[in-house]
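Descriptive structure summary
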Amino acid sequence: MVRLTPITIIALGLFIYLVCPNQGSAQLIDSGDVLGWQSPPPDHRISYGPSPQQFGNLRLPTGVGPYPIVVFIHGGCWLSTFDIQHVGQTEIAIAEAGYAVWSIEYRRIGNDEGGWPGTYLDVGQGIDHLRKIAQVYSLDLSQVVAAGHSAGGALALWAAARDKVEENSVLYTSNPLPVQAVFALAPAADLEGLQKRRSCGNAVGRLMGGTPKEYPERYEAASPMQLAPISVPQILLIGGKDFAWGPPGRSYYLRAVTVGTENVRIVDLPNSGHFEMVSPSSTTWPLVISALEEMFRSITPIGE
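I will try to describe carefully the structure that is included in this document.

Here is what the cut-offs are and how they apply
- Residues numbered from 1 in each chain as written.
- Predicted model: local features only at pLDDT ≥ 70, side-chain atom pairs only at ≥ 80, totals over all residues.
- Heavy atoms only, no water.
- Helix = DSSP H or I, 4+ residues; strand = E, 2+ residues; numbered from the N terminus.
- Rg over C-alpha atoms; globule rule 2.2 N^0.38 Å.
- Buried < 20%, exposed > 50% of the residue type's maximum accessible area, 1.4 Å probe, protein only.
- Arc of directions from axis to C-beta.
- Contact = heavy atoms within 4.5 Å.
- 1 Å grid on protein atoms, 1.4 Å probe; cavity = no way out; pocket = protein on both sides within 12 Å on 5 of 7 lines; lining within 4 Å.
- Points joined across faces, edges and corners; volume = space filled by probe spheres on them.
- Axes fitted to C-alpha atoms, helices over the stretch in contact; angles between N-to-C directions.
- Parallel < 35°, antiparallel > 145°, perpendicular 65-115°, else oblique.
- Left-handed = near helix turned anticlockwise from the far one by under 90°.
- Nonpolar A, V, L, I, M, F, W, Y, C, P; charged D, E, K, R; others polar.
- Disulfide = S-S within 2.5 Å.
- Polar contact = N/O pair within 3.5 Å; in protein donor to acceptor, adjacent residues only side chain to side chain.
- Pairing = 2+ DSSP bridges.
- Right-handed = clockwise from strand over helix to strand, strands pointing away.

1. Digging into the overall build of the protein
- Each helix and strand counted, the protein has 12 helices and eight strands in total.
- Taken over the C-alpha trace, the protein has a radius of gyration of 18 Å; the compact-globule value for 304 residues is 19 Å, and the two agree within 12%.
- Expressed as lengths along the three principal axes of its C-alpha atoms, the size of the protein is roughly 55 × 45 × 40 Å.
- Across the 304 residues that make up the protein, the buried fraction comes to 58%.

2. Some words on helix H4 (residues 118-128)
- A large share of H4 lies buried, amounting to nine of its 11 residues.
- Among all positions in H4, only Gly-118, Thr-119, Tyr-120, Asp-122, Val-123, Gly-124, Gly-126, Ile-127 and Asp-128 are buried.

3. Digging into helix H5 (residues 130-137)
- When H5 is considered as a whole, its buried residues turn out to be Leu-130, Ile-133 and Ala-134. Around the axis of H5, the buried residues are gathered within 125 degrees of arc, so they sit on the same side. Facing away from the buried surface of H5 by more than 90 degrees, the exposed residues are Lys-132, Gln-135 and Val-136.
- Against strand E1 (44-47), strand E3 (67-73), strand E4 (100-104), H4 and strand E5 (139-149) lie the buried residues of H5.
- Directly after H5, the chain includes Ser-138, whose backbone phi takes a positive value near 55 degrees.

4. Considering empty space enclosed by the protein
- Taken as a whole and assessed by the stated rule, the structure comprises one cavity of 30 Å³ or more.
- Space inside the largest cavity adds up to approximately 50 Å³.
- Lining the largest cavity are Val-70, Phe-72, Thr-90, Ile-94, Ala-147, Phe-183, Leu-185, Trp-285, Val-288, Ile-289 and Leu-292.
- At the level of secondary structure, the elements contributing two or more residues to the lining of the largest cavity comprise E3, helix H3 (88-96), strand E6 (181-185) and helix H12 (285-298).
- Take the lining of the largest cavity: its biggest share by element is four residues, from H12.

5. Comments concerning the packing of H3 against H12
- Following both chains from N to C, one finds H3 and H12 inclined at 50 degrees, their axes separated by 11 Å at the closest point. Taken together, the axis directions place H3 and H12 in an arrangement best described as oblique. For the element pair H3 and H12, the recorded crossing hand is right-handed. For the pair H3 and H12, the contacting residues are Thr-90, Ala-93 and Ile-94 in the first and Trp-285, Ile-289 and Leu-292 in the second.
- The class makeup of the residues in the contact of H3 with H12 is five nonpolar, one polar and no charged.

6. Brief notes about the state of the cysteines
- Enumeration over the complete set of coordinates arrives at one disulfide.
- Here Cys-77 pairs with Cys-200 through a disulfide, and the sulfurs are 1.9 Å apart. Note on the Cys-77 and Cys-200 pair: the S-S dihedral is about 105 degrees, so by sign convention the disulfide is right-handed. Placement of Cys-77 in the loop between E3 and H3 and of Cys-200 in helix H8 (residues 199-208) is noted, with a sequence separation of 123 residues between them.
- By relative accessible area, which is 9% here, Cys-77 ends up buried.
- On the basis of relative accessible area, Cys-200 is assigned to the partly exposed category, the value being 31%.

7. A look at the side chain of Ser-272
- With respect to the helices, strands and loops of the structure, Ser-272 is situated in the loop between strand E8 (264-269) and H12.
- A polar side-chain atom of Ser-272 sits 3.5 Å from the main-chain amide nitrogen of Met-277.
- Contacts of Ser-272, omitting those with residues within four sequence positions, involve Gly-239, Gly-240, Lys-241, Asp-242, Met-277 and Thr-284.

8. Focus on the sheet that holds E3
- Strand order in the open sheet formed by eight strands is E1-E2-E4-E3-E5-E6-E7-E8, and the pairing between neighbours is mixed. Where the open sheet ends on each side, the last strands, each with one partner, are E1 and E8. Here the strands of the sheet are splayed against their neighbours by 20 degrees on average, with no regard to which way each runs.
- Bridge analysis of E3 against E5 gives six bridges, and the strand direction is parallel. Paired with Ile-69 across the two strands is Val-144, which belongs to E5.
- Relative to the sheet, H12 contacts E3, E5, E6, strand E7 (234-239) and E8, its axis offset from that of E6 by approximately 170 degrees.

9. A short note on the pairing of E6
- Counting buried positions over the five residues of E6 gives five, a clear majority of the element.
- Burial along E6 is two-sided: the residues Ala-181, Phe-183 and Leu-185 and Val-182 and Ala-184 are all buried.
- Judged from the five bridges that link them, E5 and E6 form a sheet pairing that is parallel. Residue pairing in the sheet places Gly-148 in a bridge with Ala-184 of E6.
- Chirality of the crossover, the property in question, places the unit of E5, helix H6 (residues 151-160) and E6 among those that are right-handed.

As structure tokens, then:
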């Protein structure tokens, strides 16, 4: 019997994706469903900049702080069509599991100054704003996990690698708030591959202002594929039925292990499409929250 290595299995999955990219199931949650999701307002909505999109939703768990923090970055192809509203129930469920949730809204394609570099600057500024609110809301800055879904998963990986951005880049920050781990759900982390395929209406090309050949310095500063190896622990959650957006996450995983990353792993969600993993009412959600709890157990708070 032929035994396949994990790398070979992932490579076969990528091949199937390239040959048959339109597989799927009508029973899965789709983007139209997501646009209709509603949720109660957050405990606090806090601005981190002057733009209407520069704010975060803060949801706090019960009990006494200081609370470990999940920085959550929503997805939606980096497009203004998908705003923070659709992850409200995700925020609530994470808070109910015992974590403070700082869910960042940011300027996206279609917003004024969205795309390069505004989208990335917003995410960085939003995360760093935790320093200004931590004492007021009893937030534990020694336990910060960057989490995100789809485009937000790619941004979460970038957030963990901000200390690798060169000083000559517009994205450079001298003292970014460190995160202890990345929890990436279906991360759209292969920017180069997504741009080449012109996925989601060529969203990456619009986000970055062009191709990797036209703007190599932008991709060097923003793409998880080029920032790897990223030093913090990383869990990548991949839906078994997410035939469109699972492969970019697996492509990043291949790149990460190829360049020597030792602390990255995939958690397979066999019954999940692209959106089940952010829906607390789905059968997939217990696997998601269990993986998040496992991640927090595995990290060492800064200073200990």
